[in-house]
Amino acid sequence: MEIKDHIRQVPDFPKPGILFYDISTLLAHGAAWRATVDRMADVIGKMRPDKLIGIESRGFLVTAPVAYRLGCGFVMVRKKGKLPGSVIPHSYELEYGTDTVEIQSDAVRPRDRVVVLDDLLATGGTMRAAIELLRKVGAEVLGAAFVIELDFLGGRNRLDVPVTSIVHYDH
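Residues numbered from 1 in each chain as written. Predicted model: local features only at pLDDT ≥ 70, side-chain atom pairs only at ≥ 80, totals over all residues. Heavy atoms only, no water.

A. The arrangement of the pattern of salt bridges in detail. For the coordinates displayed, the defined rule picks out 12 salt bridges. Across the pair Arg8 and Asp22 runs a salt bridge whose closest N-O atoms are separated by 2.7 Å. Of this pair, Arg8 sits in strand β1 (residues 8-11) while Asp22 sits in strand β2 (residues 19-22); the two residues are 14 residues apart in sequence, bridging distant segments of the chain. A relative accessible area of 41% means that Arg8 is categorised as partly exposed. For Asp22, a relative accessible area of 12% gives the class buried. Salt-bridge contacts for Arg113 lead to Glu140; the nearest nitrogen and oxygen are separated by 3.6 Å. Taken together, the positions of Arg113 in strand β7 (residues 113-121) and Glu140 in strand β8 (residues 140-150) put the pair 27 residues apart, joining distant regions of the chain. Relative accessible area serves as the criterion here: at 39%, Glu140 is assigned to the partly exposed category. Salt bridges sharing partners connect three or more residues here, namely Asp38, Asp42 and Arg69. (Salt bridge = Lys/Arg side-chain N within 4 Å of Asp/Glu carboxyl O. Helix = DSSP H or I, 4+ residues; strand = E, 2+ residues; numbered from the N terminus. Buried < 20%, exposed > 50% of the residue type's maximum accessible area, 1.4 Å probe, protein only.)

B. Spatial organisation of unusual backbone geometry. A cis amide bond links Phe13 to the next residue, Pro14, at an omega of 5 degrees. Locating Pro14 in the fold gives a position in the loop between β1 and β2. For the bond from Glu56 to Ser57, the omega torsion is -15 degrees, close enough to zero to count as cis. Relative to the helices and strands, Ser57 is located in the loop between β3 (51-55) and α3 (58-70).

C. Summary view of the side chain of Thr164. Tracing the chain through its elements places Thr164 in strand β9 (residues 163-169). Beyond its immediate chain neighbours, meaning those up to four positions away, Thr164 contacts Val43, Met47, Ala144, Ala145 and Phe146. (Contact = heavy atoms within 4.5 Å.)

D. Local environment of the sheet that holds strand β5 (residues 87-94). Read from one edge of the open sheet, seven strands run β5-β6-β4-β3-β7-β8-β9, paired in mixed fashion. Strands with a single pairing partner mark the edges of an open sheet, and in this sheet they are β5 and β9. Mean inter-strand twist for the sheet, computed between neighbouring axes without regard to direction, equals 20 degrees. Two elements, β3 and strand β4 (residues 73-79), share five bridges in a ladder whose sense is parallel. (Pairing = 2+ DSSP bridges. Axes fitted to C-alpha atoms, helices over the stretch in contact; angles between N-to-C directions.)

Shape descriptors only; they carry no functional weight alone.
Written out as structure tokens, the structure reads:
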């Protein structure tokens, strides 16, 4: 199964000059989506994580079925103000300003072995912030995994954990 054949490219979205890699067409194709989840689970399972961490929001779509298949817990990292209860925030620099991601304070325990997932790796800024947040709460971050990696943006070079991607684009 060629997963790349099921990812739609949408020019000029969300603004002119951006090429958006849309996984909704992948999600809509049962066999291709199953193959994607299976491939991710095969790689991530070898790391033997306790929990999988999904980054808002398309990362949730990827993380939940992989966690289910592996029998792992699933934890959400969200933007500020989106999680109920007590949270632990982590602010990080963007090209123009700052942003904050949060995790519920009781979601990850010290020494939990975790892998962080998202749908796409571009520049790596949000993934890096999520990894820093998880280390702040004492997790052992085993790796990061993505459905899509935009190799030409060099995001994996900003991450200090092993990176797994199912589909690569080099331009």
